[in-house]
Each structure stands twice: as structure tokens, then as C-alpha cells.
Amino acid sequence: MTGASHPHTAAPHRPWPVCRGCCGIALDMGSARTRAWLAGRGVVVDVPTVTFAGTGALYPVQRGTIVDTPGCARMLQRLLADRLPRATRPMVILTAPVLDGVAYRTEARTAVDVLRPRCVLTVPSARAIAVAARADLSRPLMVVDIGAHLTEVVLLDDGAVADARRTALGTEDLGASATPERIAEAVASMLTSMLHQDRTSLTVDALHRRILLAGGGALRPEITHHLTGRLHEPPRVVPAPHTAAVRGAAELLQAAHIHPSTARHCLPTADRR
């Protein structure tokens, strides 16, 4: 599911010198928020995912799908282009939903071209979250990511996606078409489906470790309360769960810088299509 293989763990954040070879961006474009981490500067962008045209505000990412690629490009140009050192071409590591990821990655890479990247690597959001949590990826792991408009349940095995489910529900639906209990029920239903279809012990082993909970929904105590009731034990909430994906992508970005063998897999975006 990723554009290239990465080490499962990375060293803690450390500043990078500003140079042509080490300029990089970790990018998480969600339906509600876009977050970016720039090498040497930390998280410098955490804003609504919105762009503007003559008709007013437009929302280019909806329910985990990029519906307006030029709009995403305009947003990235406005938010990031002036923050990059001149005469540099950054490496970009981009988080992507697990399901429908191919279409998302294709459109996202097109949008990111506005930043003139020397390469774009993608990582499943669930894996980025696990990296941010310093989770042991050598063992099966269940990640639940409750976002604003999308909830994903992902089983990782040795850091790779083994199974995944999603529902078009999130925190922005609370009070409208969803309740905390309904979101918890949806997560429990997806976990039950994975258990029933798994002919191995991976899902059971992952659940015995307790699920890893991230996304803005992890900050809502009413959701975690109902989820704990459904699972009969509390999930492990990632520190700062709403920014876990971009922080994990930043860890992988630094790992790519530290390990030259990883960077060799990073081809110009034009060559990767």
C-alpha cells in the first residue's frame, strides 16, 4: 500500500539542515483538516481543508475522497509553496486512506505536483498512526481511526495492511446523522466482520493487544465510552490522536533521510505514474 518500503521505527524528531537533498514535507489531507510537517520546522500547517473560488469556499476532500484535484493544488500552493526553501524540490510523504487508496494517491500526487516535489511516497494512514504511537509493528495490530467524515478499522501485520473496513461516519456527523453510540456500533460491527472472515489468528492476536485509537474521535470521551462498552476494555488512545497521522509520516520522512537505501526507491513523480 506504500510507494516504497520504510523502516518500522524511526529516531525521534530532530532538526534537518536546509539543503537540496533533505527538504521534505509530511502531509495529511483529511476531509476536514489538512496538516503538514516541514523538515526542520515541525507542524507548521493545521488548517481546514478548504479552497476558495469565485463562488466561495469549496471543500476538495469529502469522505476520504479527493473530489477537486485542482482545488487541492490551489490549497497546497497557498499553504506551503512560500514556506519551502527556494531552489529546492522536497521529498513528500503523504498519508492516504487504506480503502480507495489507489484513486486517492493518484489524485493527491497530481495535486502535490504544484510543490515541484522530487518524489512522492505514500503511506497508509493506519501505519503512520502506529509509527507515531511507537507501536511494535512486528506483531499484529488493530488501528481504529475515527476522523471527521470517515472511520477506518485496519489490521496491520508486520506493518503491512492485512485487512481493512471503513464507514462514512465521523465526528462531524454527531448531532446530525450519527450518535456516539452509532459510531461505536459501526466500529464493533467492522471488528466482528473481520473476526468472522479471518481464518488465521491475526485479528484475535491484535485484539488481545487492545486496539489503537486515533483521529479526532479519540478526543471525544462519549465515543471512547461507548466503544469501551462494546469491546469490554478501553482502547489505547494515541497521544495527540488528531495529529498522529502527520506525525507518523514525519517519522517516516526522517527515516527516509537517515536511511539512503530508502531514498533510492524515490523516483521523480513523473516517472512513478
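Residues numbered from 1 in each chain as written. Predicted model: local features only at pLDDT ≥ 70, side-chain atom pairs only at ≥ 80, totals over all residues. Heavy atoms only, no water.

Here we take up the overall build of the chain. From N to C terminus, the chain includes nine helices and 14 strands. Expressed as a percentage of its 273 residues, the buried residues of the chain come to 52%. Of all intrachain contacts in the chain linking residues separated by at least 6 positions in sequence, the fraction that spans at least 24 positions is 67%. Entry remark: accessible area of the chain is about 11,900 Å², with carbon and sulfur atoms responsible for 52%. (Helix = DSSP H or I, 4+ residues; strand = E, 2+ residues; numbered from the N terminus. Buried < 20%, exposed > 50% of the residue type's maximum accessible area, 1.4 Å probe, protein only. Contact = heavy atoms within 4.5 Å. Areas by Shrake-Rupley, 256 points an atom, 1.4 Å probe, with all protein chains shown as cover.)

Right, let's get into the environment of arginine 63. Its place among the elements puts arginine 63 in the loop between strand S6 (61-62) and strand S7 (65-66). Between the alpha carbons of arginine 63 and leucine 150 there is a distance of 5.5 Å; along the sequence they are 87 residues apart. Contact partners of arginine 63, with chain neighbours within four places excluded, come to Ser31, His149, Leu150, Arg166, Ala168, Leu169, Gly170 and Asp173. Polar contacts involving the side chain of arginine 63 include one to the main-chain carbonyl oxygen of histidine 149, which spans 2.9 Å. (Polar contact = N/O pair within 3.5 Å; in protein donor to acceptor, adjacent residues only side chain to side chain.)

A sheet is described by the order of its strands in space; here five strands give the open sequence S12-S11-S10-S13-S14, paired in mixed fashion. In the strand order of this sheet, the two ends are held by strand S12 (160-167) and strand S14 (236-237), each with one partner. Bridge analysis of strand S10 (residues 141-146) against strand S11 (residues 151-157) gives six bridges, and the strand direction is antiparallel. In the strand pairing of S11, methionine 142 is matched with leucine 155. (Pairing = 2+ DSSP bridges.)

Counting residues in each nonpolar core, the largest one holds 33 residues, and the members touching the most others are Ile129, Leu141 and Leu212. It is helix H7 (residues 244-258) that provides the largest number of residues to this core, a total of eight residues. In this structure, leucine 212 is in contact with Ile129, Ala130, Ala133, Ala135, Leu141, Met142, Val143, Val144, Arg236 and Val238, ignoring residues within four places of it in sequence. Val61, Leu79, Val92 and Val112 belong to the second largest nonpolar core, which has 25 residues in total. (Core = buried A, V, L, I, M, F, W, Y, C linked by side-chain atoms within 4.5 Å.)

This brings us to the sheet that holds strand S8 (residues 91-96). Strand-to-strand pairing in sheets goes through backbone hydrogen bonds, with the strands running parallel or antiparallel. Reading across from one edge, S3-S2-S1-S8-S9 is the order of the five strands in this open sheet, with mixed pairing throughout. Strands at the two margins of the open sheet, each flanked by one partner only, are strand S3 (42-48) and strand S9 (119-124). Adjacent strand axes in the sheet meet at a mean angle of 20° when their direction is disregarded. Across the sheet, helix H1 (residues 69-80) lies against strand S1 (24-29), strand S2 (33-38) and S3, angled at about 135° from S1, the strand it touches most. Lying on the sheet, helix H3 (residues 125-132) is in contact with S8 and S9; it crosses S9 at an angle near 80°. (Axes fitted to C-alpha atoms, helices over the stretch in contact; angles between N-to-C directions.)

This part covers the pattern of salt bridges. One side chain can pair with another of opposite charge once the charged atoms of both are near each other. By the definition in use, this model includes eight salt bridges. Residue aspartate 46 pairs with arginine 33 through a salt bridge whose shortest N-O separation is 3.2 Å. With aspartate 46 in strand S3 and arginine 33 in strand S2, this pair connects stretches of sequence that are 13 residues apart. By relative accessible area, which is 31% here, aspartate 46 ends up partly exposed. For arginine 33, a relative accessible area of 32% puts it in the partly exposed group. (Salt bridge = Lys/Arg side-chain N within 4 Å of Asp/Glu carboxyl O.)

Moving on: helix H6 (residues 221-231). Regarding H6, the residues found buried are Ile223, Thr224 and Leu227. The arc that holds the buried residues of H6, viewed along the axis, is 90°, so those residues lie on one side. Turned more than 90 degrees off the buried face of H6, the exposed positions are Pro221 and His225. Looking at the packing, one finds that the buried side of H6 touches S10, helix H4 (180-197) and strand S13 (212-214). Two residues or fewer past H6, histidine 232 is found with a positive phi of approximately 70°. (Arc of directions from axis to C-beta.)

So, about the pairing of S8. Taken across its six residues, S8 has six buried, putting it largely inside the fold. What you see with S8 is no split at all: Met91, Ile93 and Thr95 on one side and Val92, Leu94 and Ala96 on the other are buried throughout. In terms of strand pairing, S8 meets S9 through six bridges, oriented parallel. Bridging across to S9, valine 92 finds its partner in valine 120.

We now examine the environment of phenylalanine 52. With respect to the element layout, phenylalanine 52 can be found in strand S4 (residues 51-53). Residues phenylalanine 52 and glycine 71, spaced 19 residues apart in sequence, show a C-alpha to C-alpha distance of 7.9 Å. Leaving out residues up to four positions away in the same chain, phenylalanine 52 has contacts with Ala57, Arg74 and Arg78.

Everything listed here is a matter of coordinates, which is why it stays silent on function.
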